[in-house]
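# Structural description and commentary
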Amino acid sequence: MAIIDCPECTQKISDQSVCCTNCGFPTSKMKFLMKCPECSESISNQGISCTNCGFPIANIAPFKAVPPPLPTNNYTTIVHVNRKSKGVAALLALFLGGFGIHKFYLGQTLWGILYLLFCWTFIPAIISIFEVIILLFMNESEFNRRFG
């Protein structure tokens, strides 16, 4: 690596840089002498090989700037997914409420078992009719708070 003068602005830059840091003139268009890595003879950077020993001069691929990473959000979005539907619960209570199926759907397993045990008395069926009315008139946020 050598320090060379830019032919445009005479700023001192590295011969390994892609362009002048001051004016932006590309180093690929600059002509300067460098030492052959094989025989240490002074050669032009524009040549294909060393004139003394024939060692090939590697053309350094220009540096490609990597774009900066995209900005990321520093916050987490919390999305509440309602897994239970108020309408499904009301329909289950209306048609299968005597067996307590709506209680199993709402996650109230103990009540579902009690409804099943007493389904022969028709008491769970009568209670489920009142629960249908309660479910239909309950607002969505209250339903989600209790059963969500």
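The notes below deal with the structure included here. (Residues numbered from 1 in each chain as written. Predicted model: local features only at pLDDT ≥ 70, side-chain atom pairs only at ≥ 80, totals over all residues. Heavy atoms only, no water.)

### Details of helix α1 (residues 86–96)
Since the α-helix turns once every 3.6 residues, residues separated by three or four places project in the same direction. Considered for burial, the residues of α1 that qualify are Lys86, Ala89, Ala90 and Ala93. The buried residues of α1 all sit within an arc of 100° when viewed along its axis, so they share a single face. The secondary structure elements touched by the buried residues of α1 are α2 (101–105), α4 (123–137) and α5 (140–147). The N-cap of α1, judged by a side-chain oxygen 3.3 Å from the amide nitrogen of glycine 87 a few residues on, is serine 85. (Buried < 20%, exposed > 50% of the residue type's maximum accessible area, 1.4 Å probe, protein only. Helix = DSSP H or I, 4+ residues; strand = E, 2+ residues; numbered from the N terminus. Arc of directions from axis to C-beta. Contact = heavy atoms within 4.5 Å. Polar contact = N/O pair within 3.5 Å; in protein donor to acceptor, adjacent residues only side chain to side chain.)

### Focus: the pattern of salt bridges
Enumeration over the complete set of coordinates arrives at 2 salt bridges. Between glutamate 131 and lysine 103 there is a salt bridge, with its nearest N and O atoms 2.9 Å apart. A residue pair is termed long-range when its members are at least 10 positions apart, and glutamate 131 in helix α4 and lysine 103 in helix α2 qualify at 28 residues. With relative accessibility at 10%, the residue lysine 103 sits in the buried group. Salt-bridge contacts for arginine 145 lead to glutamate 142; the nearest nitrogen and oxygen are separated by 2.7 Å. Here arginine 145 pairs with glutamate 142, and both are found in helix α5, just 3 residues apart, close to one helical turn. Arginine 145 sits in the exposed class, given a relative accessible area of 62%. (Salt bridge = Lys/Arg side-chain N within 4 Å of Asp/Glu carboxyl O.)

### Re the packing of α1 against α4
Closest axis-to-axis distance for the α1/α4 pair is 8 Å, and the angle between their directions is 165°. Of the possible angle classes, the one that applies to α1 and α4 is roughly antiparallel. Both α1 and α4 take part in a crossing whose hand is left-handed. In this structure, α1 contributes Lys86, Ala89, Ala90, Ala93 and Leu94 to the contact, and α4 contributes Ser128, Val132, Leu135 and Leu136. Here the contact of α1 with α4 is composed, by residue class, of 7 nonpolar, 1 polar and 1 charged. (Axes fitted to C-alpha atoms, helices over the stretch in contact; angles between N-to-C directions. Parallel < 35°, antiparallel > 145°, perpendicular 65-115°, else oblique. Left-handed = near helix turned anticlockwise from the far one by under 90°. Nonpolar A, V, L, I, M, F, W, Y, C, P; charged D, E, K, R; others polar.)

### What about the packing of aromatic side chains?
For any pair of aromatic rings, geometry is given as the distance between the ring centres together with the angle between the planes. Across all of its chains, the model carries 1 aromatic pair by this definition. Between phenylalanine 143 and phenylalanine 147, the aromatic rings sit 5.2 Å apart at their centres with planes inclined by 50°, giving tilted as the arrangement. One end of the pair is phenylalanine 143 and the other is phenylalanine 147, both in helix α5 and 4 residues apart, which spans about a single turn. Taken individually, phenylalanine 143 and phenylalanine 147 each receive the classification buried, so the pair is uniform in this respect. (Phe/Tyr/Trp six-rings, centres within 6.5 Å; stacked < 30°, edge-to-face > 60°.)

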